[in-house]
Structure formats: structure tokens, C-alpha cells
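Topology and contacts: notes
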Amino acid sequence: MAVWTESEGKRVHDPFYHNFLLAKTDKCIVVDEPVIIGAGPSGLAVAACLKEKGIPSLILERSHCIASLWQLKTYDRLHLHLPKKFCELPLMPYPPGFPTYPTKQQFIAYLEAYAKQYDIKPVFNQMVVSAEYEDGRWRVRTEEGTEYLCKWLVVATGENAEAVIPDIEGLEQYKGKVVHTSAYRSGDMYRGKKVLVVGCGNSGMEVCLDLCNHGAMPSIVVREAVHILPREMFGSSTFGLSVWLLKYLPIQTVDRFLLIMSRLMLGDTSRFGLERPHLGPMELKSVSGKTPVLDVGTLEKIKSGDIKVFPAINHFTKHGAEFIDGRMEEFDAVVLATGYRSNVPFWLKDTEFFSEKDGYPRRPFPNGWKGKQCLYSVGFTKRGLLGASMDATRIAHDIAQCWQVMTKQLNHPSSKLST
Ligand SMILES: Cc1cc2nc3c(=O)[nH]c(=O)nc-3n(C[C@H](O)[C@H](O)[C@H](O)COP(=O)(O)OP(=O)(O)OC[C@H]3O[C@@H](n4cnc5c(N)ncnc54)[C@H](O)[C@@H]3O)c2cc1C
């Protein structure tokens with residue numbers, strides 16, 4: 001990596017194009033290798049795939065560690081939602097002996113071993129606040145005042161970069177404790193308390209179970225229809241079974257099968273306030289990205305009345321909430337299981353590749369990994385780690401083709417004479 005520290009306004013040499021670029025901050029660094037923004041599983045996967053092809057890379061990470069979502073923003077009881085074989089990063093299988101659904105700690109250990117294996121050393125505490133294409137280079141600026149100039153830019157900041165805090169009337173006047181799931185660790189501190197969990201995705205359902213297991217009294221807000229499926233069917237994972245069936249059968253047939261099995265195994269969920277959407281679980285996932293809930297025991301607690309179900313909130317009161325069916329209830333605390341969003345529109349000055357509306361690539365999977373001007377995206381497929389691994393492999397292959405041509409040019413004797 002070439003490094004220049006210049007005062008603002010000075011010129012820095014660009015070894016690829018043999019021209020000079022204007023430094024716009026005090027610390028300007030020209031980077032020959034691809035720059036990856038984000039040291040989550042996606043960023044690590046791209047760096048490893050590049051390394052395998054002999055290409056170095058530079059990762060900029062806003063936090064002080066790799067996989068910050070997993071290390072800093074997830075609850076203690078978390079296991080991978082999907083079986084490990086669908087959550088492997090390229091080039092490195094899980095160690096023998098890992099369970100089918102590794103714990104969060106096991107997953108983090110796997111990622112740390114992955115980074116070590118490929119000698120990936122991100123630059124930490126670098127929060128990217130803008131990236132703009134200018135004169136054949138991406139100009140990447142961080143909040144910490146450094147400017148990186150690079151040819152290849154890989155966006156790996158994740159679908160879950162920022163917590164979504166819903167705009168519900170009265171939330172600001174509610175006096176109890178309010179946390180987003182990204183700040184929830186365990187039900188331990190809620191023992192004996194009435195807690196309202198807003199949102200019924202996988203996280204909301206699991207947090208309710210955790211609260212129950214720690215002697216709290218949780219209620220869950222179910223605003224929209226939701227598919228709840230057993231995590232396993234016939235001794236194998238429902239996800240794995242669905243993927244296998246989809247190879248041979250139309251999606252509607254797979255959905256019919258999943259719904260019949262769920263009805264037999266879980267009963268009629270609508271009896272407990274959990275209506276099912278009109279589209280089947282797999283079709284809904286493919287058209288909207290909405291993931292079905294894989295039940296890990298929460299439904300039993302709902303059936304037994306240990307977890308109460310409420311419809312959408314009309315407004316919060318000082319000590320609780322009023323719901324759209326007119327019921328009012330007091331709560332000691334609120335956990336917002338209201339999801340996350342991408343932060344790309346806030347810093348990437350390119351609206352062609354990424355949509356400003358949702359911060360995802362405009363072109364859907366499997367074509368959303370490559371934009372123009374050597375801009376790439378990894379991990380925005382709504383297909384978890386499996387999708388990220390597919391993106392990473394493609395990106396490394398694509399960059400490698402260009403890298404080889406450029407390094408040949410750089411090493412050519414005529415190029416050496418001119419520098
Ligand atoms: C509770 C939970 C459970 C999940 N379980 C599974 C599962 O079982 N299987 C599965 O496949 N998927 C699961 N997922 C989805 C999961 O988030 C992804 O599969 C995985 O973490 C995606 O990795 P990523 O690197 O794309 O994003 P992230 O893990 O979010 O990593 C992105 C990184 O970019 C950094 N970053 C963001 N913005 C900036 C910036 N401006 N400048 C610098 N750095 C920045 C972040 O700090 C972060 O470290 C789960 C998600 C959650 C929330």
C-alpha cells in the first residue's frame with residue numbers, strides 16, 4: 001500500500017495512472033489494492049477470496065473488532081438461525097464437532113480463525129462517511145479524517161448496519177426502559193417485569209422466549225401476518241429441506257407442503273393471533289425478502305399463555321401502550337425488535353448502483369454484486385451468509401482479471417521508466 005501524508009490541497013501521486021490527485025484532507029492515502037468497507041462476514045469473505053488469488057486488500061471498519069454485529073449487537077442466547085452448512089464462508093469449512101446450529105460464540109470464533117487463516121487485518125475505528133468517484137479513483141473519507149483513494153471499492157457494510165426505531169405515537173412520553181434488540185443481551189435484568197416486545201421476526205420471537213426463560217412476563221406485538229415454521233421437519237432442517245425440494249418442485253408446491261407440515265406440527269397459528277400471509281413462505285421470501293420465523297420454542301409459550309399476543313400499537317402511554325383493538329396495558333420495559341436497515345445511501349455518492357430508498361443494489365440477486373467504475377457490493381442479497389459467499393467469490397474473480405492486467409502494466413519496463 002502506498003501512503004502519503006500531505007496537507008490539504010497538496011498533490012499525491014497515483015502509481016496506476018501516473019498522474020496526480022488532489023488531497024482533500026490532511027491525511028491522504030493512495031491505496032493500490034481493493035478497499036473493502038466493513039469487516040463483517042461479507043468483508044472478510046471478499047478479503048479471503050482475494051488473498052487466495054494473491055491480491056491484497058484493505059478493510060476499513062468503523063468498530064474496534066471484526067464481525068461487530070455479532071460481537072457487539074446480538075443477544076447472548078443467539079445461535080445461527082440456519083444450519084451451519086448454509087452459513088459457511090468460502091474456502092473454510094466449520095471445524096469438526098461444531099453443532100448443526102453453532103452458538104454466537106462459536107460463530108465468532110470461526111470468523112476469527114478465518115481472519116487469522118487469511119491474515120486479514122482490518123483498519124479499525126474508521127467510519128466511512130463518504131465515497132465518491134472522481135478522476136478514475138474512489139475517494140473514500142472517514143469520520144476520523146483520513147482520505148483513501150482507490151480503484152476498486154467493495155461495499156460490505158451489511159443489510160443490518162443501522163437499527164430501525166419505529167415512529168410510534170407517544171413513544172417519547174413512555175417512561176419505562178426502551179431498547180432495540182441490538183442493545184438487548186439477556187432477559188436476566190427483566191426478571192419479574194412486564195416487557196412488550198415490538199416485532200415478531202426471528203429476533204422478536206427469540207427475545208420473548210429468552211424473557212420467559214428468565215422469569216419475565218413478555219407480550220409480543222404482531223402487526224402483520226407472519227409465517228411460523230418448525231425449525232426442523234423429519235429430523236432435518238426445514239430450510240435445508242425447502243432448498244432441496246425447490247430443486248425438483250415448483251415453489252407453490254413446496255409452500256403447500258411446508259404449510260401442511262406446519263399445521264400438523266404447530267397447529268393453527270391464527271388461533272393465537274398469528275395470521276399467515278396470503279403468499280406461501282418461500283414465495284413471500286423470494287418476492288419480498290421477508291424471512292419466515294423458524295420456531296425455537298416460542299410458540300409453545302404463546303399457546304400456554306406465558307407470552308401474550310397483541311395487535312399493532314395505536315399509541316404509547318406514559319406507562320404502557322394502547323393497541324388498535326382498544327386494549328390498554330402497562331409495561332415496565334419495551335424491546336424494539338423492529339429490524340435494521342442499510343446505511344449505504346448516507347455515504348455512497350452513487351445512486352445508479354444502490355437505491356437511495358432502501359440502500360440495496362437496484363438489480364436483484366444474483367446480479368446485484370457489480371456496479372460501474374469498479375464498485376462492488378457483497379452481502380445485500382437477502383440470503384444471509386450463503387448469498388454473501390456467492391457474491392464474494394464472484395467479486396474476487398472479477399477483480400483478479402483486472403488486477404493481473406494492471407500489475408503486468410505496472411511491472412512492464414516502460415512503466416518503470418516513466419515513474
Ligand atoms: C440476530 C441475527 C441473526 C442472524 N442469523 C443468521 C444466520 O443464522 N444465518 C445467516 O446466513 N444470516 C444470519 N443473519 C444475517 C446476518 O446479519 C448476516 O448473514 C451477516 O452478519 C452479514 O454479514 P455482513 O458482513 O454482510 O454484515 P454485518 O455483519 O452487518 O457487517 C457489516 C460491517 O460493516 C461495518 N460498517 C457498517 N457501516 C460502516 C461504515 N460506514 N464504515 C465502516 N464500517 C461500517 C459494521 O460495523 C459491520 O462490522 C442474522 C442476523 C441477525 C441480526
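See the structure printed just above.
Summary of the structure given here.

What counts as what
Residues numbered from 1 in each chain as written. Predicted model: local features only at pLDDT ≥ 70, side-chain atom pairs only at ≥ 80, totals over all residues. Heavy atoms only, no water. Helix = DSSP H or I, 4+ residues; strand = E, 2+ residues; numbered from the N terminus. Rg over C-alpha atoms; globule rule 2.2 N^0.38 Å. Buried < 20%, exposed > 50% of the residue type's maximum accessible area, 1.4 Å probe, protein only. Areas by Shrake-Rupley, 256 points an atom, 1.4 Å probe, with all protein chains shown as cover. Lys, Arg positive; Asp, Glu negative; His and termini not counted. Charge placed at Lys NZ, Arg CZ, Asp CG, Glu CD. Pairing = 2+ DSSP bridges. Axes fitted to C-alpha atoms, helices over the stretch in contact; angles between N-to-C directions. Contact = heavy atoms within 4.5 Å. Near = heavy atom within 4 Å. Polar contact = N/O pair within 3.5 Å; in protein donor to acceptor, adjacent residues only side chain to side chain. Salt bridge = Lys/Arg side-chain N within 4 Å of Asp/Glu carboxyl O. Core = buried A, V, L, I, M, F, W, Y, C linked by side-chain atoms within 4.5 Å. Expected span 1.5 Å × (residues − 1). Arc of directions from axis to C-beta.

**Quick notes on the overall build of the protein**
A count of helical and extended segments in the protein gives 11 helices and 25 strands. Here the C-alpha atoms of the protein give a radius of gyration of 24 Å, agreeing with the 22 Å that 2.2 N^0.38 yields for 419 residues. For the protein, the spread of C-alpha atoms along the principal axes amounts to about 80 × 55 × 40 Å. Burial analysis of the protein (419 residues in total) assigns 51% to the buried set. A total of about 19,500 Å² of accessible surface is found on the protein, and carbon and sulfur atoms cover 53% of it. Side chains of the protein give 50 positive and 46 negative charges; the mean places of these two sets differ by 4 Å.

**Quick notes on the pairing of strand S23 (residues 333-336)**
Residues Ala-333 and Val-335 line one face of S23 and the alternating positions Val-334 and Leu-336 line the opposite face, and both faces are buried. Alignment of strand S12 (residues 177-180) against S23, held across four bridges, turns out to be parallel. By the bridge assignment for S23, Lys-177 is matched with Ala-333. Sheet topology note: the strand S13 (residues 194-198)/S23 ladder contains four bridges and is parallel. In the strand pairing of S23, Leu-196 is matched with Val-334.

**Quick notes on the sheet that holds S13**
Spatial ordering of the open sheet is given by S12-S23-S13-S14-S19, a layout of five strands whose pairing is parallel. Pairing within the sheet leaves two strands with one partner each, and these edge strands are S12 and strand S19 (308-310). Adjacent strand axes in the sheet meet at a mean angle of 20°, parallel and antiparallel pairs treated alike. The sheet contact formed by strand S14 (residues 217-221) and S19 spans three bridges and is parallel. Each residue of the ladder has a partner; that of Ile-220, found in S19, is Val-309. Packing of helix H4 (residues 202-213) onto the sheet brings it into contact with S13, S14 and S23, and relative to S14 it is tilted by some 165°.

**Let's talk about the site of the ligand**
Around the ligand lies a shell of 28 residues, among which Ser-42, Glu-61, His-81, Asn-160 and Leu-385 are the nearest. Ser-68 places a side-chain nitrogen or oxygen 2.8 Å from an oxygen atom of the ligand. Within the backbone of Leu-385, an N or O atom sits 2.7 Å from an oxygen atom of the ligand. Out of a free accessible area of 980 Å², the ligand has 93% covered by protein chains. Of all the elements, helix H2 (residues 68-72) adds the most residues to the shell around the ligand, at three residues.

**With respect to the environment of Lys-84**
In this fold, Lys-84 is placed in the loop between H2 and helix H3 (104-117). The exposure class assigned to Lys-84 is partly exposed, which follows from its relative accessible area of 23%. Remark: the alpha-carbon pair of Lys-84 and Asp-119, spanning 35 residues in sequence, is separated by 23 Å. Excluding anything up to four places from it in sequence, Lys-84 contacts Tyr-94, Phe-98, Pro-99, Thr-100 and Pro-102.

**Some words on the pattern of salt bridges**
As enumerated under the stated definition, the model contains 16 salt bridges in all. Across the pair Glu-147 and Arg-141 runs a salt bridge, and its minimum N-O distance is 3.3 Å. Classification of Arg-141 as partly exposed rests on a relative accessible area of 25%. Across the pair Arg-327 and Asp-325 runs a salt bridge whose closest N-O atoms are separated by 2.9 Å. Residue Arg-327 is classed as partly exposed on the basis of its relative accessible area, which comes to 37%. One network of salt bridges, with partners in common, ties together Glu-134, Arg-139, Arg-141 and Glu-147.

**Topic: the sheet that holds strand S22 (residues 328-330)**
What the three strands build is an open sheet, ordered S20-S21-S22; its pairing is antiparallel. Lying at the two open borders of the sheet, with one neighbouring strand each, are strand S20 (313-316) and S22. Each strand of the sheet is rotated relative to its neighbour by a mean of 25°, with strand direction disregarded.

**Overview of unusual backbone geometry**
Geometrically, the link from Phe-365 to Pro-366 is a cis peptide bond, its omega value of 5° lying close to zero. Here Pro-366 lies in the loop between helix H9 (344-347) and strand S25 (375-377). Located in the positive-phi region is Ala-67, a residue other than glycine, with phi close to 45°. For Phe-234, which is not a glycine, the phi torsion comes out positive at approximately 50°. In this structure, Phe-234 sits in the loop between strand S16 (232-233) and strand S17 (236-237). Classification of Phe-234 by relative accessible area gives exposed; the value is 62%.

**What to know about the nonpolar core**
By size, the foremost hydrophobic cluster in this structure holds 73 residues, and its most contacted members are Tyr-110 and Tyr-114. When residues in this core are grouped by element, the largest group, nine residues, is from helix H10 (residues 384-411). Excluding its chain neighbours within four sequence positions, the residues that come into contact with Tyr-110 are Glu-88, Leu-89, Met-92, Pro-93, Tyr-94, Pro-95 and Phe-98. Listed in part, the 22 residues of the second largest apolar core include Trp-138, Tyr-148, Cys-150 and Trp-347.

**Examining helix H6 (residues 251-266)**
Along its 16 residues, H6 runs 22 Å from first to last C-alpha, staying within 8% of the 22 Å computed at 1.5 Å per residue. Listed as buried for H6 are Val-254, Asp-255, Leu-258, Met-261, Ser-262 and Leu-266. Taken down its axis, H6 places every buried residue within 135° of arc, on the same side. Among the exposed residues of H6, those oriented more than 90 degrees off its buried face are Arg-256, Ile-260, Arg-263 and Leu-264.

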